[in-house]
Amino acid sequence: SLGANRLSGAIPANIGSALNLVELGIESNKLSGEIPTSVNQLAMLKTFVVHSNVGLRGDIPHFTSASQLLELDLRGNAFAGTVPPFTHARNLSKLDLARNELHGTLPPELFDHRMLRELTLYHNWLTGSLPTF
């Protein structure tokens, strides 16, 4: 983990080259910009904790290759757009997207995750009704 430091700047665009990366914790820093789309190449990734970097913004990646992803914590940033369904992350057990600027309705596929134990989405601009469980 590289959390609770004073790291600044963007997450490197070539982060997807770290094909054996299993866990990344860069929370509580001063990172800015968007999460590079190359994170979609991290097939071994299990934990991605990038909360409390108020300069991070843009859309949340779908983590299309992260079939092993267990925990995704992006709370306390400035992410916008809609909540992705994370259909490829079948083992996802913790998803925290609280305190961002997400809008729209919740994707029904999100509630198909049998392993999902913790879902935190407070302080966003979500609308609509809850999908059927």
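Our subject is the structure that appears above.
Since this is a predicted model, take the numbers as computed values, not measurements.

Here we come to the pairing of strand β3 (residues 30–33). As paired elements, strand β1 (residues 8–9) and β3 share two bridges and run parallel to each other. The partner of Gly9 across the bridge, within β3, is Leu31. In this sheet, strand β5 (residues 55–58) lies alongside β3 in parallel orientation, the contact comprising two bridges. Bridged to Ser32 within β5 is Gly55.

This next bit is on unusual backbone geometry. The residue Ser52 is not glycine, and still its phi comes out positive at about 60 degrees. Positive phi, close to 50 degrees, is recorded for Phe63, a residue that is not glycine. For Phe63, the location among the structural elements is in the loop between β5 and β6 (71–73). Classification of Phe63 by relative accessible area gives buried; the value is 0%.

Cut-offs applied
- Residues numbered from 1 in each chain as written.
- Predicted model: local features only at pLDDT ≥ 70, side-chain atom pairs only at ≥ 80, totals over all residues.
- Heavy atoms only, no water.
- Pairing = 2+ DSSP bridges.
- Helix = DSSP H or I, 4+ residues; strand = E, 2+ residues; numbered from the N terminus.
- Buried < 20%, exposed > 50% of the residue type's maximum accessible area, 1.4 Å probe, protein only.

Read these as layout, nothing more, since geometry by itself doesn't imply function.
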